[in-house]
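Here is how the chains run, residue by residue.
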Amino acid sequence: MVALLGALTTTACGQNPEQRQAAADARAASFTPPSVTSRIDFGTMMDRRFRTLDRDGNDIISSDEMPRQNSRLRELDRNGDGQVTASEFSEGMLGFFDRMDLNRDGTVTSEERETYRSRPVSTPTPVNSAPRLP
Ligand SMILES: [Ca+2]
Ligand SMILES: [Ca+2]
């Protein structure tokens, strides 16, 4: 039994480089900013992310450029045409940043991010339910 536990522990800790890379990719895909992120840095990061996703460079993330399991990205598609334009993307992402920035100081700390993530999903917030008009 002890030997079995030992083997399990070793397996769990002994990830090979590919597994670690896959985990890193997963973290990158779900977007994990550094512990303190300014709004400007966030905007720059999101702009870079948009450029990466917009493979043909037409300022639109079309449905075939959309990552498969990224529901957050689909939520940015405000007019529901299956595409996310550069302005839909940046406005949506900065709105997301502002919702995470609980004390409105223009930076999001890892603590604020955790608070945002652990919020009750079923509770609608006024910011989320407000109509998103330009
Ligand atoms: Ca495109
Ligand atoms: Ca803040």
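About the cut-offs
- Residues numbered from 1 in each chain as written.
- Chains lettered and ligands numbered in written order.
- Predicted model: local features only at pLDDT ≥ 70, side-chain atom pairs only at ≥ 80, totals over all residues.
- Heavy atoms only, no water.
- Axes fitted to C-alpha atoms, helices over the stretch in contact; angles between N-to-C directions.
- Helix = DSSP H or I, 4+ residues; strand = E, 2+ residues; numbered from the N terminus.
- Parallel < 35°, antiparallel > 145°, perpendicular 65-115°, else oblique.
- Contact = heavy atoms within 4.5 Å.
- Nonpolar A, V, L, I, M, F, W, Y, C, P; charged D, E, K, R; others polar.
- Donors = N, O, S within 2.8 Å, 3.2 Å for Na, K, Ca; no water.
- Buried < 20%, exposed > 50% of the residue type's maximum accessible area, 1.4 Å probe, protein only.
- Left-handed = near helix turned anticlockwise from the far one by under 90°.
- Arc of directions from axis to C-beta.

Asks: Quick one: what's the story with the packing of helix H5 (residues 86–100) against helix H6 (residues 110–117), residue by residue and with numbers?
Replies: The geometry of H5 relative to H6 is characterised by a closest axis approach of 9 Å and an angle of 95° between their N-to-C directions. Of the possible angle classes, the one that applies to H5 and H6 is roughly perpendicular. Residues Phe96, Arg99 and Met100 of H5 form the contact with H6, whose participating residues are Glu112, Arg113 and Tyr116. In the contact of H5 with H6, the residues fall into three nonpolar, no polar and three charged.

Asks: Help me get a handle on the coordination of the calcium ion (ligand 2), residues and values and all.
Replies: For the calcium ion (ligand 2), every protein donor is listed as Asp101 (OD), Asn103 (OD1), Asp105 (OD), Thr107 (O), Glu112 (OE) and Glu112 (OE), and the spread of their distances is 2.0 to 2.5 Å. Donor residues binding the calcium ion (ligand 2) come from one chain and are separated in sequence as D-x1-N-x1-D-x1-T-x4-E. Overall, the relative accessible area of 48% leaves Asn103 in the partly exposed class.

Asks: Before we move on, can you summarise the packing of helix H3 (residues 39–53) against H5 with the specific residues and values?
Replies: The interhelical angle for the contact between H3 and H5, taken along N-to-C directions, is 145°, at an axis separation of 10 Å. Relative to H5, H3 is oriented so that their crossing is right-handed. Facing Arg39, Phe42, Gly43, Met46, Arg49, Phe50 and Leu53 of H3, the residues of H5 in contact are Ala86, Phe89, Met93, Leu94, Phe96, Phe97 and Asp98. Classifying every residue of the contact of H3 with H5 by side-chain character gives ten nonpolar, one polar and three charged.

Asks: Any chance you could break down H6 for me, citing the residues and the numbers?
Replies: Looking at H6, one finds that the buried residues are Glu112, Arg113 and Tyr116. Around the axis of H6, the buried residues are gathered within 100° of arc, so they sit on the same side. Structurally, H6 contributes buried residues whose contacts are with H5 and strand E4 (107–109).

Asks: Account for the coordination of the calcium ion (ligand 1), naming residues and giving values.
Replies: Coordination of the calcium ion (ligand 1) by the protein is provided by Asp54 (OD), Asp56 (OD), Asn58 (OD1), Ile60 (O), Glu65 (OE) and Glu65 (OE), with metal-donor distances spanning 2.3 to 2.7 Å. Considered as a linear motif, the donors of the calcium ion (ligand 1) on their single chain read D-x1-D-x1-N-x1-I-x4-E. Since its relative accessible area comes to 23%, Ile60 is described here as partly exposed. By relative accessible area, which is 5% here, Glu65 ends up buried.

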